[in-house]
Every structure is written in C-alpha cells, then in structure tokens.
Amino acid sequence: MATNGTLGRKLRMAIVGGGQGSFIGRVHVTAAVLDNRAALVAGALSSDPARAKASAADYDIAPSRAYGSYAEMFAAERKLPADERIDFVSIATPNHMHFPVARAAVEAGFHVICDKPMTLNVAEAEELAALVRGSNVVFAVTHNYTGYPLVRQARQMILSGELGDIQAIRATYIQGWLRSRLETEGQKQAAWRTDPTKSGAAGCFGDIGTHAYNLGRYMTGLLPDSISCNLKVFEPPRPLDDYGHAVIRYGNGALGTVTASQISHGRENDVRIEIDGTLASLEWHQENPNQLFIRKNGHPHQIYTRDPNAPYTSDPAKAACRLPSGHPEGFFEAFANVYRSTYDAMELAIAGKPFERTNTIYPNIHDGVEGMYFIQQSVASSKAGGAWLPLKHPLARQ
Ligand code: NAD
C-alpha cells in the first residue's frame, strides 16, 4: 500500500462523530488523508446507532466496522489482529462526549486526535492528562489554526527573537451566526453549543475564545499569570455567553486581550491576532491566511506571503506548505498540518521509538488542559465581576 509515512503502511483511523448532518467530522477525515499517510477504516459516527451505521457508506467504511457506539468499536477493534486494528481515533462529537471517548481510547491504547475544548471541565482534563502521561499514547487537540504555515512562521519569528520582547497580544474571534436564537429553530450545532450540559461552563468563550487564547500562547510561548473576564448573554434567555472579553497578564509583564463574539452581524470566522514586540509588531487573519503583516516604525510595512521557496520562510512554515505560493491554501490544509505533525509522533510511538510529549509543534494534552483552565477561570472571573484570578495551570507548557 503506497504511503508517505515511515512505517511502510498507512495509519488506520477511526472517527467518533461526523455522522450525517454534522460539521467538523468530515473536515477531520479529509485532513487526515490529505498526505496519504492514513486511511479511515472504522467509525462510530453518531449518537444514534442506526444513523451511525447509515452514515458509514458516506465514508466508505465497511459495514463490519461501522459501529453503533464508541464502546462497541473499541471492544471490537481490540479483538482484531494487531495488523488490522485501528491505530488512532479522532473525536468530533459535541464537547460533553470528548472525555468518555478519549478516556476509553487511551485505556485501550489507541492514539487520539480530539477536537476542542478538550473536555467538559478541568477535572476531566486533569484526569485525562494523568492517563495519557501513564501511557504510550500520542494525544493531539485540534486547535487547527496552529497549522497555518504563516502561524508557524510567526511563532518561529517570535521564538527566535525577531520581534524583540513581547509586550502585547490582542486575539479576537468574531462570528455573527448566533445573533438570532438558532437553537430554538432545530439548528443542531447551535442547540448543543448553547446547552451547558453539552457545551460546558462557557458558550462562545469555550467554543471560539479558546482558539483565540491558544493562538496567542502558541505564537509567543508566553506563560499566563492571571485573568480578568466579562462574559455576556446578548440573546437571552440563552443560558451561556455569546460574547466575552478577557484581559490577561503574562508572567513577563505582557498584557493580552481575548475578545470572542457570536453575535456580531455579518461576521464569519474572523480569527485575528496582533502581537507587539519591542522590535516589531505582527498581524495575522485567518480569513486571509496566506499573508502575515510585519511592521516596524520608520520602515515600510512588510507582507510575508505563504511561500515555501522564499528565503525568509522558516523551516516549520515550509514544512507546513503543500502548494507553491499564490495557490491559496486554507482551512483543510491547516487542519491537515495538525494531523501531519501528530502522525510523525504516532509513527515513532508505533515503531517503539521515543517521541516528544510536551513541546510539540501540534497542540497536545497540555494545551487541552490549559484551554479548560482558561474557560473555568474566565467564567469564575466573570461571575465575580471581573475579579483577577490565576491563569497558570501546573500542566501548562513551560
Ligand atoms: P455537530 O453537532 O455538527 O456533530 C457532532 C456529531 O457527533 C454528530 O454526528 C453526532 O451524532 C455525533 N455524536 C454525538 N454524540 C455521539 C456519541 N456518543 N457517539 C458518536 N457520535 C456522537 O458538531 P460539530 O460542529 O461538528 O462539533 C463537534 C466538535 O468539534 C465540538 O467539540 C466542537 O467544539 C468542535 N469543532 C471544532 C472546530 C475546529 O475548528 N477545530 C470547528 C467546529 C467544531
């Protein structure tokens, strides 16, 4: 079987979620196979067993490996010969099902690529982190914006000191789709996202504020110290925030802000980050992801384009490109870069070789715990009128 991996075979993938009518599962599967290093062979595609099985044909999953539930899938796959059973599982369910599925996967020894936010609360995240630490499992969290070549370029430039000392991070994620109460109109994605039992303690801040926060952490590596947050429900009686704003103090004295909205008319997926250093500032927008703006007082503004052949492109950014410059790459490719980086680790683990667990180029279990701590502390601060609360979790990447 032709493969671009190092094992001489493709990795065997399963997916939980991604059934008919769902959103991100299909993105996971498309991203997973983009580099011909994996094949989808099994799935528990829906909470409804009949729909789970009916959805399998959409992915060319054989009926014998279209399971009615994730528990059934892990039990059956464990019994298959080692050269047939799945290597890893991707989790694309609503948030409340991430932890039970991830825990069962880790306990069964399967590698995991889990969507964000990683769990429903911090206690689950810490329990999962302990399980992963005691296992040989590779665990990734799809904070997929980290996969864009120019995000990796920005990270490399900051970590190598090109921007000087980092003093300010402004990260925003602005959407408008929950301006009306779609959750009352049978829109499934809106329904679970606004239900605390399925979404978690936060709505908008958990769903997209975590992406914005993660992007600042990923690009700068700065450790947070404390947070003050105000969350709002602008479409009552929705029980969870649909807008929020947080100020973050970083350990080095830098200040950050995270603003997230789902009620801004006409806004789509405007993830945007601006970072100010003592030597230069940068700006990146995911709706124009193939450009990165660098500015220095007294110099013409610079636009870096996504160009795998340019001398200014760093190695991590080059490794994240598939096409020559000018052919736009986007959401699928960035998602696939998280997969590609995770596959490098999985292939080492499967070959019995050591692999990096903490300072990975892909978001890992530590970032997942941090995301959950960010949500918990944002909600607690907001409830306490914007009180300053600690934000540095002991498991954060150092
Ligand atoms: P969705 O409602 O469109 O799809 C969820 C799917 O999970 C459905 O097929 C549903 O039947 C299935 N499911 C629910 N419970 C299940 C169970 N017990 N077993 C098997 N399948 C089950 O949701 P979505 O918008 O695709 O979001 C899914 C997850 O992905 C969420 O955690 C969300 O936060 C995350 N997400 C991430 C991104 C990103 O850019 N990284 C984008 C969108 C969503």
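Scroll up to find the structure.
Participant: Looking at this model, I keep getting lost on the sheet that holds strand β1 (residues 11-17). Mind explaining?
Facilitator: Each strand in a sheet pairs with another by means of backbone hydrogen bonds, the pair being arranged parallel or else antiparallel. Strands sit in the order β2-β1-β3-β4-β5 across an open sheet of 5 strands; the sheet is parallel. The sheet is open, and its two edges are formed by β2 (38-44) and β5 (139-141), each paired on a single side. Each neighbouring strand pair of the sheet contributes to a mean axis angle of 20 degrees, computed without reference to strand direction. Bridge count between β1 and β2: 6 bridges; the pairing is parallel.

Participant: I would appreciate a short explanation of the layout of surface pockets in the present structure.
Facilitator: Left-over empty space is what a probe sized like a water molecule reveals as it rolls over the atoms. What the largest pocket holds in volume is close to 1,100 Å³. Looking at the largest pocket, it is lined by 46 residues, and the ones nearest its centre are Ala92, Thr93, Pro94, Trp192 and Arg193. With 5 residues, helix α7 (residues 188-193) is the largest single contributor of residues to the lining of the largest pocket. In terms of residue class, the lining of the largest pocket is built from 17 nonpolar, 21 polar and 8 charged. Of the residues that make up the lining of the largest pocket, three or more belong to each of domain 1 (11-145 + 353-363) and domain 2 (147-326 + 367-390).

Participant: I'm lost on the state of the cysteines in this one. Help?
Facilitator: Disulfide: a covalent bond formed between the sulfur atoms of two cysteine residues. Per the stated rule, a full pass over the model turns up 0 disulfides. Unpaired in this structure, Cys114 has its nearest cysteine sulfur neighbour in Cys204, at a distance of 20 Å. Among the cysteines around Cys204, which has no disulfide bond, Cys229 carries the closest sulfur, lying 10 Å off. A residue is classified by how much of its surface remains accessible, and Cys204, at 0% relative accessible area, is buried.

Participant: Looking at this model, I keep getting lost on the side chain of Arg155. Mind explaining?
Facilitator: Along the chain, Arg155 falls in helix α6 (residues 149-159). Asp367 provides the closest opposite charge to the buried, unpaired Arg155, separated from it by 7.9 Å. Apart from the residues lying within four places of it in its own chain, the contact partners of Arg155 are Tyr218, Met219, Thr360, Ile361 and Arg397.

Participant: Explanation requested: the site of the ligand in the structure shown.
Facilitator: The local shell around the ligand holds 30 residues, among which Ile24, Asn95, His98, Asn144 and Gln189 are the closest. Within the complex, 93% of the 850 Å² of free accessible area of the ligand lies under protein. Counting residues per element, the ones that place at least two in the shell around the ligand are β1, α7, α9 (204-220) and α11 (331-350). Here the shell around the ligand spans two domains, since at least three of its residues come from each of domain 1 (11-145 + 353-363) and domain 2 (147-326 + 367-390).

Participant: How should empty space enclosed by the protein be read in this particular structure?
Facilitator: Summed over the entire model, instances satisfying the criterion amount to 1 cavity of 30 Å³ or more. Taken as a whole, the largest cavity encloses approximately 40 Å³ of empty space. Lining of the largest cavity is provided by Leu178, Arg193, Thr194, Gly203, Cys204, Asp207, Arg238, Leu240, Asp241, Asp242 and Gln262.

Participant: Help me understand the pairing of strand β6 (residues 166-174) in this model?
Facilitator: Two faces, one strand: in a regular strand the side chains alternate between the faces of the sheet. Pairing analysis gives 8 bridges linking β6 to strand β10 (residues 270-277), with the strands arranged antiparallel. Looking at β10, one finds that Tyr173 is bridged to Val271. Here β6 pairs with strand β9 (residues 255-261) via 7 bridges, running parallel. Bridge pairing in β9 links Tyr173 to Ala260.

Participant: Sorry, what's going on with the sheet that holds strand β11 (residues 281-285) here?
Facilitator: Spatial ordering of the open sheet is given by β13-β12-β11-β10-β6-β9-β8-β7-β14, a layout of 9 strands whose pairing is mixed. In the strand order of this sheet, the two ends are held by β13 (302-305) and β14 (389-390), each with one partner. Helix-sheet contacts for α6 involve β6, β10, β11, β12 (291-295) and β13, and the interaxial angle to β12 is about 30 degrees. Helix α12 (residues 365-383) contacts β7 (224-232), β8 (243-250), β9 and β14 of the sheet and is inclined by roughly 55 degrees relative to β7.

Criteria and cut-off values
- Residues numbered from 1 in each chain as written.
- Predicted model: local features only at pLDDT ≥ 70, side-chain atom pairs only at ≥ 80, totals over all residues.
- Heavy atoms only, no water.
- Pairing = 2+ DSSP bridges.
- Helix = DSSP H or I, 4+ residues; strand = E, 2+ residues; numbered from the N terminus.
- Axes fitted to C-alpha atoms, helices over the stretch in contact; angles between N-to-C directions.
- 1 Å grid on protein atoms, 1.4 Å probe; cavity = no way out; pocket = protein on both sides within 12 Å on 5 of 7 lines; lining within 4 Å.
- Points joined across faces, edges and corners; volume = space filled by probe spheres on them.
- Nonpolar A, V, L, I, M, F, W, Y, C, P; charged D, E, K, R; others polar.
- Domains from an automatic or database assignment.
- Disulfide = S-S within 2.5 Å.
- Buried < 20%, exposed > 50% of the residue type's maximum accessible area, 1.4 Å probe, protein only.
- Lys, Arg positive; Asp, Glu negative; His and termini not counted.
- Salt bridge = Lys/Arg side-chain N within 4 Å of Asp/Glu carboxyl O.
- Contact = heavy atoms within 4.5 Å.
- Near = heavy atom within 4 Å.
- Areas by Shrake-Rupley, 256 points an atom, 1.4 Å probe, with all protein chains shown as cover.

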